[in-house]
Amino acid sequence: MASSFLSRALFAHRFLQSSSTQFHKPKFFTSIFSKRSLHLMLAPSQLSHKASGSVCCSMSTSALASQASFSMQSLPTSEPVVSVDWLHANLREPNLKVLDASWYLPDEQRNPVQEYQVAHIPGALFFDVDGISDRISNLPHMLPSEEAFAAAVSALSIENKDGLVVYDGKGIFSAARVWWMFRVFGHDRIWVLDGGLSRWRASGFDVESSASSDAIFKASAASEAIEKVYQGQRVGPVTFETRFQAHLLWTLEQVKENVKEKTYQHVDARSKARFDGVAPEPRKGIRSGHVPGSKCIPFSQMLDGSQTLLPADELKKRLEQEGITLDRPVITSCGTGVTACILALGLHRLGKTDIPVYDGSWTEWGAKDDTPVESSEE
């Protein structure tokens, strides 16, 4: 009981520690940009992505009225993102939940919990990328066990019937990681918000600022549920059932085997300088370089200037420039398994819906003594 109380108290403290203002009621702020009058409601036949990479369309007033009973079921799982216009029009759908999955690199010195408190999409839940992770591994934010994941998302009141839209504060960054996590555990009805919170605000849509007791309780309960599972304690009730998709997750041994067999094309999402080994790794004790035979496509090359996913033809061009073909299987990696998921997101748009991610990525590979490493100097 004491440990449970401490866990919840610590999360609540983390949630509020550097805030100078206490929010007792949800408050809404409108962007400094002029409010857009466009309220889109998509028909199933109009959901193919446009050249801009956004899921949106124009409809007449009568067409909008006829789509009043729009259902999340009509969204295609073949398209991995939704536009801010779509989310704004469907934000109150009963089976739709929105997740703020913002996460930042240590040197950015940004606190995602505090930023969630200051401004988030109305009704969004906070998904803690570091908190909903494996408690046994010494690697950062590794995928938790099935039981732990089910317990955590159940604490967030997420059920299998729910459609999920996940976003982050950078555009498309850590949201792609959470998209991949849910898919690994068998939940395909999840989409990334194209352009994230910044695109939402630039479009003139309201944000909510609150630290309600319900928001704190659910976020802390999710973290507490993970701890209980790894400590062998009972949790409940569990409202989310997992269906583990092993083909979407690769281990160190699988990557080692692929270095020999070269069955999968290995694409690394880190910067070219880190891939070439001319820039030091941000974590101590990690060698510089890359997995032998892998190719480098920095994750930023999957996105345009507004941090939205590139259209299919441009994504294909980026891959072809590095010699990656769509007729062979692909595996992705990065530094810690976050931006590799952005590559998987882009490949998903191109019809490659079975892309595995090497979860340990370079932080695991580069720390080993028995893993081969290549660099540009070699």
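Here we look at the side chain of Thr363
By secondary structure assignment, the location of Thr363 is in helix α13 (residues 361-365). When its relative accessible area of 11% is taken as the criterion, Thr363 is described as buried. A polar atom in the side chain of Thr363 sits 2.7 Å from the backbone oxygen of Gly335. Once residues lying within four places of it in the same chain are set aside, the contact partners of Thr363 are Leu139, Pro140, Arg283, Ile286, Gly335 and Thr336.

What about the nonpolar core?
As a rule of thumb, soluble globular proteins bury nonpolar side chains together. Of all hydrophobic cores here, the largest spans 63 residues; its most connected members are Phe127, Trp180 and Phe182. Looking at this core, the elements that each hand over two or more residues are α5 (146-155), β5 (163-167), α6 (174-184), β6 (190-193), α8 (213-230), α11 (312-321) and α12 (340-349). Top element by residues in this core is α6. It accounts for eight residues. Leu96, Val165, Trp191 and Trp200 belong to the second-largest nonpolar core, a separate cluster that totals 19 residues.

Examining helix α9 (residues 252-261)
For α9, every residue scored as buried is listed here: Leu252, Val255, Lys256, Asn258 and Val259. On an axial view of α9, the arc spanned by its buried residues comes to 160 degrees, and they lie on one face. Residues of α9 that are exposed and angled more than 90 degrees away from the buried face: Lys260 and Glu261. Summarising the contacts, the buried residues of α9 are in contact with β8 (249-250), β9 (265-268), β11 (330-333), β12 (357-358) and α13. Count one or two residues on from α9 and you reach Lys262, which has phi positive near 55 degrees.

Quick word on α12
Among the 10 residues in α12, 10 count as buried, and that is most of the element. Three or more residues of α12 are buried, namely Ala340, Cys341, Ile342, Leu343, Ala344, Leu345, Gly346, Leu347, His348 and Arg349.

Here's the deal with unusual backbone geometry
A cis amide bond links Gly236 with the next residue in sequence, Pro237, at an omega value of -5 degrees. Mapping Pro237 onto the fold places it in the loop between α8 and β8. A positive phi is found at His141, a non-glycine position, where the angle reads about 35 degrees. In this structure, His141 sits in the loop between β4 (125-126) and α5. The class of His141 is buried, set by a relative accessible area of 5%.

Overview of the pattern of salt bridges
In the structure shown here, the tally under the stated rule is 15 salt bridges. Note that Asp188 and Arg183 form a salt bridge whose closest N and O atoms lie 4.0 Å from each other. Accessibility expressed as a relative area gives 40% for Asp188, which makes it partly exposed. What makes Arg183 buried here is its relative accessible area of 8%. The partner of Asp370 in a salt bridge is Lys256, and the shortest N-O contact between them spans 3.2 Å. Highlighted residues: Asp370 in the segment after α13 and Lys256 in helix α9, separated in sequence by 114 residues.

Quick word on the environment of Pro311
Counting through the fold element by element, Pro311 comes out in the loop between β10 (295-296) and α11. The spatial distance from the C-alpha of Pro311 to the C-alpha of Gly346 is 8.9 Å, given a sequence separation of 35 residues.

Looking at the layout of surface pockets
Taken as a whole, the largest pocket spans an internal volume of roughly 380 Å³. Residue lining of the largest pocket: 19 residues in total, with Leu105, Phe173, Arg274, Pro282 and Thr339 positioned closest to the centre. Across the lining of the largest pocket, the residue classes break down as 10 nonpolar, four polar and five charged. Of the volumes computed, that of the second largest pocket is approximately 260 Å³. Around the second largest pocket sit 14 residues that line it, and Ala155, Ala221, Ala225, Gly236 and Pro237 are the ones nearest its centre. Elements with a minimum of two residues in the lining of the second largest pocket: α5 and α8. Counting residues per element, the lining of the second largest pocket draws most heavily on α8, at five residues.

Conventions we followed
Residues numbered from 1 in each chain as written. Predicted model: local features only at pLDDT ≥ 70, side-chain atom pairs only at ≥ 80, totals over all residues. Heavy atoms only, no water. Helix = DSSP H or I, 4+ residues; strand = E, 2+ residues; numbered from the N terminus. Buried < 20%, exposed > 50% of the residue type's maximum accessible area, 1.4 Å probe, protein only. Polar contact = N/O pair within 3.5 Å; in protein donor to acceptor, adjacent residues only side chain to side chain. Contact = heavy atoms within 4.5 Å. Core = buried A, V, L, I, M, F, W, Y, C linked by side-chain atoms within 4.5 Å. Arc of directions from axis to C-beta. Salt bridge = Lys/Arg side-chain N within 4 Å of Asp/Glu carboxyl O. 1 Å grid on protein atoms, 1.4 Å probe; cavity = no way out; pocket = protein on both sides within 12 Å on 5 of 7 lines; lining within 4 Å. Points joined across faces, edges and corners; volume = space filled by probe spheres on them. Nonpolar A, V, L, I, M, F, W, Y, C, P; charged D, E, K, R; others polar.

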